[in-house]
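Tertiary structure, described
What follows is each chain in one-letter form.
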Amino acid sequence: MSVLICGGAGYIGSHNVRAFAEHGDEVIVVDNLETGHRASLPEGIKFYEGDIRDGELLAKIFTENAIEAVIHFCAYSLVGESVEKPLKYFDNNVGGMISLLEAMEKFGVKRIIFSSSAATYGEPERVPILETDPANPTNPYGESKLIMEKMMNWVSRRYGIKYVSLRYFNVAGAWHDGTIGEAHRCETHLVPLILQVPMGKRESITVYGDDYPTKDGTCIRDYIHVEDLARAHILALEYLRSGGESGIFNLGSGDGYSVMEMINAARKVTGHSIPAVIGKRRAGDPARLVADSTKAKNILHWEPQITRMEDIIATAWKWHSSHPDGYAD
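Below you will find a few notes about this structure.

**Examining unusual backbone geometry**
- Put simply, Val-127 and Pro-128 share a cis peptide bond, and its omega is 5°.
- Tracing the backbone shows Pro-128 in the loop between β5 (111-117) and α5 (140-159).
- In the Ramachandran plot, Leu-33 falls in the positive-phi region, its phi being about 60° despite a non-glycine side chain.
- With respect to the element layout, Leu-33 can be found in the loop between β2 (26-31) and β3 (46-49).
- Positive phi, close to 45°, is recorded for Ile-274, a residue that is not glycine.
- If you trace the backbone, Ile-274 turns up in the loop between α8 (259-270) and β13 (276-279).
- You can call Ile-274 buried: its relative accessible area is 0%.

Printed below as a string of C-alpha cells:
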C-alpha cells in the first residue's frame, strides 16, 4: 500500500516525502510544479506531473497504485495574492479538494491528512490559540482552508473518510543535511528573506512596525521546524491507522519569537550584521500569534524536537548558503 503526497515537490511537501520514505512508507507524488521543484524529490520516488483538479489524472493514479492514504499539500498560499485574486484561490484550493475527495470516495481510500493553516483563525480572541477558538478568516486563503476542512467533515460523515487537519503556524528551516530547503519563486517568508541579506541578495531586512504591544515592539510568531512538521504528519497517519477519529490539531512550538529576535538569531548563526530597516505596519498583522498544541501532544504524541531559533535558522542557512539560487543550480 502507498501514501499519495499531493504537492510533494513543494517546500513542506518535499520534506514530508523524505520523512515518509525514511519511515518505510511507499511514497507516490503528484505535483503540477507550478511552485514545486522536481529536483527536491529523492531518486526512485514515483512521480506524476499534473494538477489534482484533473479527474482523469487522479483516476490514473488511483488505478495504477494501491493508495492507502492521501497527504494533501496542494494549495496556493500567498495571503496578499488571495485578496487580489480570490477566485484563483477558491478555484485551485477548494476545487482541488473537491476533485481529490471525489477520487478518494470512488476508489475507496479512507484516510487523508490535510495541510491547513493558522490563517483559519483570523484575528485571534486570545493567545495561545486553541482548536476550539472561533475560526473567522480575514483573507480568501484562510477562508479556502476553512472551507476545505468543512468539506472533509461532511464527506467523512457521508462516506467514512477519516481526516486529520493540521493547522500550522510559521514553518521554517530545512532538511538536516542541507540537501533540500525553502525555494519559493516569490519569497514572502521571514527566515529566507532575512538570510537573503548575508547572501548578498538584499541590503537590509524590512521590519514592518516596531510599535506593537510586545517586548520589543515587533510582531511575535510561533515557529515550527519543517522536520518536526513532517513528523507530525507521520504521527497523524499512524493515529488514523490505529482507528483514531477525524480531528483538527494545531502545530506550533507554543513559544513566540519577535521579528527582532529572529533577526538577532540569524546574526548569530551567519556572523553577518544584517541591517534592519523599520517600515510601516502591514494592514491586518496581529501583534502575537502563538499556538496551543496540547491536543497534538496528548492525542498524536507529537512533541517538537528543534525549538531553539538558532538551531532552526542554522538548518535554513545550511541550505540557502549552499544553494543560493535554490534548485536552479
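On we go from here.
**As for the packing of aromatic side chains**
- Counted by the stated rule, this structure contains four aromatic pairs.
- Measuring from ring centre to ring centre gives 4.9 Å for Trp-319 and Tyr-327, while their planes differ by 45°; the resulting arrangement is tilted. Both residues of the pair, Trp-319 and Tyr-327, count as buried.
- In this structure, Arg-281 is placed above the aromatic ring of Tyr-212, and the distance from its NZ or CZ to the ring centre is 3.9 Å.

**Observations regarding the side chain of Asp-222**
- Looking at where Asp-222 falls in the secondary structure, it is placed in the loop between β9 (220-221) and β10 (223-225).
- Residue contacts for Asp-222: discarding those within four places in its chain leaves Phe-169, Asn-170, Gly-252, Ser-253, Gly-254, Asp-255, Leu-289, Val-290 and Ala-291.

**A few points about the side chain of Ser-258**
- In this fold, Ser-258 is placed in strand β12 (residues 257-258).
- By relative accessible area, which is 0% here, Ser-258 ends up buried.
- Of the polar contacts made by the side chain of Ser-258, one reaches the side chain of Asp-216; its length is 2.6 Å.

**Remarks on the pairing of β2**
- Counting buried residues in β2 gives five out of six residues, a clear majority hidden from the surface.
- Looking at chain direction, strand β1 (residues 2-6) and β2 are connected through five bridges and run parallel. Bridge pairing in β2 links Cys-6 to Val-30.
- Crossover β1 to β2 through helix α1 (residues 11-23) is right-handed.

**A short note on the nonpolar core**
- In terms of nonpolar packing, the biggest core is built from 42 residues, with Leu-166 and Leu-251 touching the most fellow members.
- Contributions of two or more residues to this core are made by β1, α1, β2, β4 (67-72), β6 (162-168), α7 (226-241), β11 (247-251) and α9 (294-300).
- Per element, the largest residue contribution to this core is nine residues, and it comes from α7.
- Filtering out sequence-adjacent residues up to four positions away, Leu-166 remains in contact with Ile-113, Phe-114, Ser-115, Ser-116, Ser-117, Ala-232, His-233, Ala-236, Phe-249, Leu-251 and Leu-300.

**Re the pattern of salt bridges**
- Tallying each qualifying case throughout the model produces 20 salt bridges.
- In this structure, Glu-245 engages Lys-162 in a salt bridge whose closest nitrogen and oxygen atoms are separated by 3.0 Å. Here the residue Glu-245 occupies a position in the loop between α7 and β11, and Lys-162 occupies one in strand β6, the gap between them amounting to 83 residues.
- Note that Asp-211 and Arg-281 form a salt bridge whose closest N and O atoms lie 2.9 Å from each other. Of the two residues, Asp-211 is situated in the loop between β8 (205-208) and β9 and Arg-281 in the loop between β13 and β14 (288-289); the sequence distance between them amounts to 70 residues.

**Section: the pairing of β4**
- Within β4, six of the six residues are buried, which leaves the element mostly enclosed by the surrounding structure.
- One ladder, built from five bridges, connects β1 with β4; its direction is parallel. Among the inter-strand pairings, Val-3 is bridged to a residue of β4, identified as Ala-69.
- Both β4 and β5 contribute to a ladder of three bridges, which runs parallel. Looking at β5, one finds that His-72 is bridged to Phe-114.

Thresholds applied
- Residues numbered from 1 in each chain as written.
- Predicted model: local features only at pLDDT ≥ 70, side-chain atom pairs only at ≥ 80, totals over all residues.
- Heavy atoms only, no water.
- Helix = DSSP H or I, 4+ residues; strand = E, 2+ residues; numbered from the N terminus.
- Buried < 20%, exposed > 50% of the residue type's maximum accessible area, 1.4 Å probe, protein only.
- Phe/Tyr/Trp six-rings, centres within 6.5 Å; stacked < 30°, edge-to-face > 60°.
- Lys NZ or Arg CZ within 6 Å of the ring centre and 35° of its normal.
- Contact = heavy atoms within 4.5 Å.
- Polar contact = N/O pair within 3.5 Å; in protein donor to acceptor, adjacent residues only side chain to side chain.
- Pairing = 2+ DSSP bridges.
- Right-handed = clockwise from strand over helix to strand, strands pointing away.
- Core = buried A, V, L, I, M, F, W, Y, C linked by side-chain atoms within 4.5 Å.
- Salt bridge = Lys/Arg side-chain N within 4 Å of Asp/Glu carboxyl O.

Keep in mind these numbers describe shape, not what the thing actually does.
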